[in-house]
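# Commentary on secondary and tertiary structure
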Amino acid sequence: MRVHVVSDVHGRTDALARAGEGADALVCLGDLILFIDYDDHSRGIFAELFGAEQAARFIALRTAKRFGEAREMSAALWASLGGDPRDHIEHAVRRQYAEIFAAMPAPAYLTHGNVDLPRLWPDYLRAGHRVLDGETVEIGGLRFGFVGGGLRTPYRTPNEIDDEEFARKVEAVGEVDVLCCHIPPAVPELLYDVVARRFERGSEATLEAIRRTQPRYALFGHVHQPLSPRTRIGRTECLNVGHFRGRGTPFVLEW
């Protein structure tokens, strides 16, 4: 059995269309849309609406953790467009989702990332796409569990949830062979992004579940350039499957 795993697609439709080649199934761990690109300030929804220069300024404020100033700047820009900012965002997100799900191979098992808008996904799913969150499925004789979304941060991305809600989803998954989450377990070397020079948030509930149930694998993304892409917790191999927008190739899991 061969499964390809991707995470943090962020609009990389060209590579996504090829991601299922040679695999029995694709697993996608979320963050499909590209709102703002820290590497190329001219790309993403923010730059499309306000230009690369404003995107660079916004990124600089967030990188410096000047979140209040970043929110004030953003609010002023959205106000300049007129109407409800959520309408402008949804229009742009829908355009990206139409392209991304058209490119998504099948069969595919998906969960949401922290920048996704889960309520829109049903409008774009195709035959052979299955979304799981706090749920399990059997693939090739192994039990896969899926936990989507991220935890609350000062960045206020759209699909951040409370620790308690996230923990309930982890508990609902229970014992599995492969635990698939968007965010990593709360292990420092898995959480530190060496390019962004910051720790992302990881899940204590996931870490505890791994220690208690010892799945074969714990797969995740979210941290684009991790200090360590893998570690072991008991018999569990914890693996960051990679920043798909940057790599363009899926992680391969075979058994």
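See the structure shown above.
Here goes a summary of the coordinates provided. Here the structure is a predicted model, which means the values were calculated and not measured.

## Section: the environment of V195
Mapped onto the elements of the fold, V195 is located in the loop between β10 (192-193) and β11 (198-199). The class of V195 is exposed, set by a relative accessible area of 53%. Sequence separation between V195 and P226 is 31 residues, and the spatial gap between their C-alpha atoms is 8.4 Å.

## Considering helix α5 (residues 85-103)
In a regular helix each residue adds 1.5 Å, so 19 residues correspond to 27 Å; α5 covers 28 Å between its end C-alpha atoms and thus fits that length. Among the residues making up α5, those that are buried are A92, V93, Q96, Y97, I100, F101 and A103. Take α5 and look down its axis: the buried residues cluster within an arc of 155°, on one side only. Opposite the packed face of α5, turned more than 90 degrees from it, sit the exposed residues D87, H91 and A102. The opening residue of α5, the one whose side-chain oxygen lies 2.9 Å from the backbone nitrogen of R86, is D84.

## Regarding the nonpolar core
Of all hydrophobic cores here, the largest spans 25 residues; its most connected members are V6, L16, L32, Y97 and M104. At the level of elements, α1 (13-16), β2 (25-28), α5 and β3 (108-110) are the ones that each hand at least two residues to this core. When neighbours within four sequence positions are excluded, Y97 is seen to be in contact with L32, I33, A102, D116, L117, L120, W121 and Y124.

## With respect to the pattern of salt bridges
Evaluated as defined, the whole model comprises 17 salt bridges. Note that R12 and D14 form a salt bridge whose closest N and O atoms lie 2.8 Å from each other. The exposure class of D14 is partly exposed, given its relative accessible area of 40%. Close ionic contact of R119 with E90 constitutes a salt bridge, the shortest N to O distance being 2.6 Å. Pair noted here: R119 is in the loop between β3 and β4 (129-131) and E90 is in helix α5, with a separation of 29 residues, a long-range link. Take R119: its relative accessible area is 58%, and that puts it in the exposed class. A single network of salt bridges, built from pairs that share partners, joins E90, R94, R119 and D123.

## Here we look at helix α6 (residues 163-173)
Looking at α6, one finds that the buried residues are F166, K169, V170 and V173. On an axial view of α6, the arc spanned by its buried residues comes to 100°, and they lie on one face. Across α6 from its buried face, at more than 90 degrees, point the exposed residues E164, R168, E171 and A172. For α6, the secondary structure elements touched by its buried residues are β5 (135-139), β6 (142-147), β7 (150-151), β8 (160-161), β9 (178-181) and α8 (204-213). At the C-terminal side of α6, G174 shows a positive phi close to 70°.

## So, the sheet that holds β3
If you walk across this open sheet you meet the five strands as β4-β3-β2-β1-β15, and the pairing is mixed. Both outer strands of the open sheet, β4 and β15 (251-254), are each paired with one neighbouring strand and no more. Averaged over neighbouring strand pairs, the angle between their axes works out to 25° when direction is ignored. With four bridges connecting them, strand β1 (residues 2-6) and β15 associate as antiparallel partners. Directly across from H4, in β15, lies its bridge partner V252.

## Some details on empty space enclosed by the protein
Summed over all chains, the structure comprises one cavity of 30 Å³ or more. Quantified by volume, the largest cavity comes out at close to 50 Å³. Lining the largest cavity are V170, G174, V176, L179, A209, I210, T213 and P215. Considering each element in turn, the lining of the largest cavity owes the most residues, three residues, to α8. In terms of residue class, the lining of the largest cavity is made up of six nonpolar, two polar and no charged.

## Regarding the packing of aromatic side chains
Considering all chains together, one arrives at eleven aromatic pairs under this definition. Three or more aromatic residues link up through ring pairs in this structure, and these residues are F35, F46, F50, F58 and W78. In this structure, R198 packs its charged tip against the face of Y38, placed 6.0 Å from the ring centre.

Definitions and cut-offs
- Residues numbered from 1 in each chain as written.
- Predicted model: local features only at pLDDT ≥ 70, side-chain atom pairs only at ≥ 80, totals over all residues.
- Heavy atoms only, no water.
- Helix = DSSP H or I, 4+ residues; strand = E, 2+ residues; numbered from the N terminus.
- Buried < 20%, exposed > 50% of the residue type's maximum accessible area, 1.4 Å probe, protein only.
- Expected span 1.5 Å × (residues − 1).
- Arc of directions from axis to C-beta.
- Polar contact = N/O pair within 3.5 Å; in protein donor to acceptor, adjacent residues only side chain to side chain.
- Core = buried A, V, L, I, M, F, W, Y, C linked by side-chain atoms within 4.5 Å.
- Contact = heavy atoms within 4.5 Å.
- Salt bridge = Lys/Arg side-chain N within 4 Å of Asp/Glu carboxyl O.
- Pairing = 2+ DSSP bridges.
- Axes fitted to C-alpha atoms, helices over the stretch in contact; angles between N-to-C directions.
- 1 Å grid on protein atoms, 1.4 Å probe; cavity = no way out; pocket = protein on both sides within 12 Å on 5 of 7 lines; lining within 4 Å.
- Points joined across faces, edges and corners; volume = space filled by probe spheres on them.
- Nonpolar A, V, L, I, M, F, W, Y, C, P; charged D, E, K, R; others polar.
- Phe/Tyr/Trp six-rings, centres within 6.5 Å; stacked < 30°, edge-to-face > 60°.
- Lys NZ or Arg CZ within 6 Å of the ring centre and 35° of its normal.

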